[in-house]
Amino acid sequence: MLPRVRFAPSPTGWLHVGGARTALFNWLYARRHGGTFVLRIEDTDEARNTEEAMRAILSGLKWLGIDWDEGPEKEGGRGPYFQSRRKDLYLRYVRRLLDEKKAYEEKGAIRFRLPRRVMSVPDLICGMVHIDLSAEPDLTLVRADGSFIFHLVNVVDDLEMGITHVIRGEDHLSNTPKHLALYEAFAAKPPAFAHIPLILNKDGTKMSKRDAGAALGEYMAKGYAPDAVRNYLCLLGWSPKDNREVMTLEELVARFDLAQVNRSNARFDLDKLEWMNTRHMMDMPLPRFLELARPHLGEEGAKDPAYADRVLAAVKDKVKHLADLPAQTLYFFRDDFPIEPEAMAKALRKPGAADRLAELRARYATTAEWNAAALEAELKALAAAKGAKPAEFIHPCRAATSGRTIGPSLYPMLEALGRERVLARLDRARSMT
RNA sequence: GACCCCAUCGGCUAGUGGUUAGGCCAUCACCCUUUCACGGUGAAUGCACGGGUUCGAAUCCCGUUGGGGUCGCCA
């Protein structure tokens, strides 16, 4: 039987990295085994649910490349996929428990009689876990106001939706015996459970929604590559066991399985995510980079899309975060870009810089082919002819054309800027040396 | 507090009785170099502790300590 798994967030806040990774593991498991990934919205807490949070969760999942086979915007045979629209169903299950005296009413609420014995949870990751329910208080299923409690709806939905594997955070492990008791009361076969370790903050405390860096939206806004965030998240609690770290989506799908999921919690390490991000930016094909980067360029990029793409290609291997793009590429789009003090001091105000810029300007004015290779050959030939090191031309040229001391490789940068801009800027800079 | 899970460099991890305990991030040094990066080489740093089992434990068992989680009419 092909697996059916689900991610069941409650729309009470933004998607956080822990939830994102849980979704990812479920999705990966489904894709790896040709199963079905269901997205179910657990909106039973009407007071705290927001439409905004719902949209944030969906867009976060999509951003990570996670699609669902059944769920919101994609109705399947087991819907509806919002718990707020399944109340009749829950009521039927509760009535049945009431009829069979397995539940009772108390102060208007309905409570489930927990079996007072040791329950065993066969967990795919933690092994067999025995938990004694003898001292546990009965489980409330329905509030006095008639709304339903998580444990009830979660179990009923997993049952009704034919979920075969419940992959969720380890924080649910201790509650699982109660869920098992519910399955038993419904005379139903429970799904397999796999409790994955939690993601901790850098200081080892549990990462929760409000912690710094916990919201996936932050990474989306700062312009991380989803390929990198997804890859990094997978490496928290899972390992392909062969020292491979940088992997594409396809590679992750091909390698992922529950058997290689760890039992111990992992800390979120921003430094490594940064590294992973630049790695992915450099490794990814240009078309993919353009697709991710274009939206971050803003108005400047929209004026001349072809030029914008050339700019992006030139800076691709140097970008840390896509959100930095507007500031980082300002000089490509505006002639009134600032000349940084450091560029002024270290390059333009050097003795002989003005002459070099003039010589280079003359040379570039007549360069036949305006491309990186030709520009490099011209500059080096000029340097050799003047008995100077290429660097003595390179640094003033970079400062003059970009106003900065750091940036992409010079020749591709000049090629992208185009002859007209480069010559004008070399002229302008001479008067500032 | 009770119960549950966990424990290898600072972080993420490989390792399932015999290894010089490996890789990646971060750190430091050097090399490469048109800047910044990238890349390369090297360094430093680890099996939480105590008992067992065994010819032999990072690996198996028990305990201690530490960390995390759960005990809601939150999910």
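Conventions we followed
- Residues numbered from 1 in each chain as written.
- Chains lettered and ligands numbered in written order.
- Predicted model: local features only at pLDDT ≥ 70, side-chain atom pairs only at ≥ 80, totals over all residues.
- Heavy atoms only, no water.
- Phe/Tyr/Trp six-rings, centres within 6.5 Å; stacked < 30°, edge-to-face > 60°.
- Helix = DSSP H or I, 4+ residues; strand = E, 2+ residues; numbered from the N terminus.
- Buried < 20%, exposed > 50% of the residue type's maximum accessible area, 1.4 Å probe, protein only.
- Lys NZ or Arg CZ within 6 Å of the ring centre and 35° of its normal.
- Pairing = 2+ DSSP bridges.
- Right-handed = clockwise from strand over helix to strand, strands pointing away.
- Near = heavy atom within 4 Å.
- Polar contact = N/O pair within 3.5 Å; in protein donor to acceptor, adjacent residues only side chain to side chain.
- Nonpolar A, V, L, I, M, F, W, Y, C, P; charged D, E, K, R; others polar.
- Salt bridge = Lys/Arg side-chain N within 4 Å of Asp/Glu carboxyl O.
- Disulfide = S-S within 2.5 Å.
- Domains from an automatic or database assignment.
- Contact = heavy atoms within 4.5 Å.
- Buried area = accessible area lost by both parts, 1.4 Å probe.
- Expected span 1.5 Å × (residues − 1).
- Arc of directions from axis to C-beta.
- Axes fitted to C-alpha atoms, helices over the stretch in contact; angles between N-to-C directions.

Trainee: When you look at the packing of aromatic side chains in this model, what are you seeing that I'm missing?
Mentor: Counting across every chain of the model gives 10 aromatic pairs. Note on Tyr90 and Phe148: the rings are 5.3 Å apart at their centroids and 65° apart in plane angle, and the pair reads as edge-to-face. In this pair, Tyr90 sits in helix α3 (residues 87-99) while Phe148 sits in the loop between β7 (139-142) and α4 (150-160), placing the two residues 58 residues apart along the sequence. Owing to a relative accessible area of 0%, Tyr90 belongs among the buried residues under this scheme. The exposure class of Phe148 is buried, given its relative accessible area of 7%. Judged by centre distance (6.0 Å) and plane angle (50°), the ring pair of Tyr219 and Phe268 falls under tilted. Placement of Tyr219 in helix α6 (residues 216-222) and of Phe268 in the loop between β11 (266-267) and α9 (270-283) is noted, with a sequence separation of 49 residues between them. Both residues of the pair, Tyr219 and Phe268, belong to the buried class. Over the ring of Phe25 we find Arg21, and its NZ or CZ is 5.1 Å from the ring centre.

Trainee: Is there a simple way to think about the pairing of strand β1 (residues 4-7) in this case?
Mentor: Alternating residues of β1 divide into Arg4 and Arg6 and Val5 and Phe7, and every residue in both groups is buried. Pairing of β1 with strand β2 (residues 36-39), which is carried by 4 bridges, proceeds in the parallel orientation. Note on β2: the bridge partner recorded for Val5 is Phe37. Read as a crossover between parallel neighbours, the route from β1 over helix α1 (residues 17-32) to β2 is right-handed.

Trainee: For this particular structure, what's the right way to read the protein's contact with RNA strand B?
Mentor: Around RNA strand B there are 60 residues in total, and Arg48, Arg143, Lys241, Arg263 and Lys318 lie nearest to it. Backbone atoms, meaning sugar and phosphate, form 71% of the atoms of RNA strand B found within 4 Å of the protein. With respect to RNA strand B, the side chain of Asn175 contributes an N or O atom lying 3.4 Å from a sugar or linking oxygen. Only β4 (109-112), β6 (127-132), α4, β11, α9, α18 (390-402) and α19 (410-417) provide two or more residues apiece to the surface near RNA strand B. With 5 residues, α9 is the single largest residue contributor to the surface near RNA strand B. In terms of residue class, the surface near RNA strand B is made up of 20 nonpolar, 19 polar and 21 charged.

Trainee: What am I meant to see in the pattern of salt bridges here?
Mentor: Any two side chains of opposite charge can pair if their charged atoms end up close together. In this structure the tally under the stated criterion is 38 salt bridges. Of the charged contacts, one joins Arg40 and Asp158 as a salt bridge, the two residues approaching to 2.9 Å between their closest N and O atoms. Residue Arg40 is found in the loop between β2 and α2 (51-64), and its partner Asp158 is found in helix α4; the two are separated by 118 residues along the sequence. The buried category is assigned to Arg40, whose relative accessible area is 0%. Beyond isolated ion pairs, a larger network of salt bridges with shared partners links Arg6, Arg40, Glu42, Arg86, Asp157 and Asp158.

Trainee: What's the story with the state of the cysteines in this structure? I'm lost.
Mentor: Note: disulfide means a covalent bond formed between the sulfur atoms of two cysteine side chains. A complete count under the given rule lists 0 disulfides for this structure. The cysteine Cys126 is free of any disulfide, with Cys234 supplying the nearest cysteine sulfur at 19 Å.

Trainee: Please explain the domain arrangement of chain A as it appears in this structure.
Mentor: Bring the parts together and some accessible area is lost; that lost area is often taken as the interface size. When its domains are assigned, chain A resolves into domain 1 (286-330) and domain 2 (341-430). Each side of the interface is counted separately: domain 1 has 7 residues, and domain 2 has 8 residues. Between domain 1 and domain 2 the total buried area reaches about 550 Å² when both faces are included, carbon and sulfur atoms providing 58% of it. When the buried surface of domain 1 facing domain 2 is broken down by residue, Tyr307, Ala314 and Lys318 rank first, second and third, together holding 68% of it. Counting the contacts that link domain 1 with domain 2 gives 1 residue pair in polar contact (both at pLDDT 80 or more). Of all the elements in the fold, those that place two or more residues in the side of domain 1 that touches domain 2 are α12 (305-315) and α13 (325-328). Here the element with the most residues in the side of domain 1 that touches domain 2 is α12; it accounts for 4 residues. Among the residues forming the side of domain 1 that touches domain 2, the class breakdown is 4 nonpolar, 1 polar and 2 charged.

Trainee: Please explain the side chain of Glu70 as it appears in this structure.
Mentor: Along the chain, Glu70 falls in the loop between α2 and α3. Looking at Glu70, the relative accessible area reads 10%, which means it is buried. Looking at Glu70, its side chain comes within polar contact range of the side chain of Arg4, at 3.0 Å. If we ignore the near neighbours within four places in the chain, the residues touching Glu70 are Arg4, Thr36, Phe37, Val38, Leu39, Gly76, Arg78 and Tyr81.

Trainee: Please clarify how α3 should be interpreted in this entry.
Mentor: Note on helix geometry: an α-helix contains 3.6 residues per turn, so any two residues three or four positions apart are oriented the same way. For α3, which comprises 13 residues, the first-to-last C-alpha distance of 18 Å matches the rise-based estimate of 18 Å (1.5 Å per residue) to within 8%. Every buried residue belonging to α3 is among Leu89, Tyr90, Tyr93, Val94 and Leu97, and all of these are buried. Viewed end-on, α3 has its buried residues packed into an arc of 135°, placing them on one side of the element. Residues of α3 that are exposed and point over 90 degrees away from its buried face: Asp88, Arg92, Arg95 and Asp99.

Trainee: Looking at this structure, how should I read the sheet that holds β4?
Mentor: Strand pairing in a sheet takes place through backbone hydrogen bonds and is either antiparallel or parallel in direction. What the 3 strands build is an open sheet, ordered β3-β4-β7; its pairing is antiparallel. The sheet is open, and its two edges are formed by β3 (103-106) and β7, each paired on a single side. The sheet shows a mean angle of 40° between the axes of neighbouring strands, taken without regard to direction. Strand direction decides the pairing type here: β3 and β4, joined by 4 bridges, are antiparallel. Paired with Ala103 across the bridge in β4 is Phe112.

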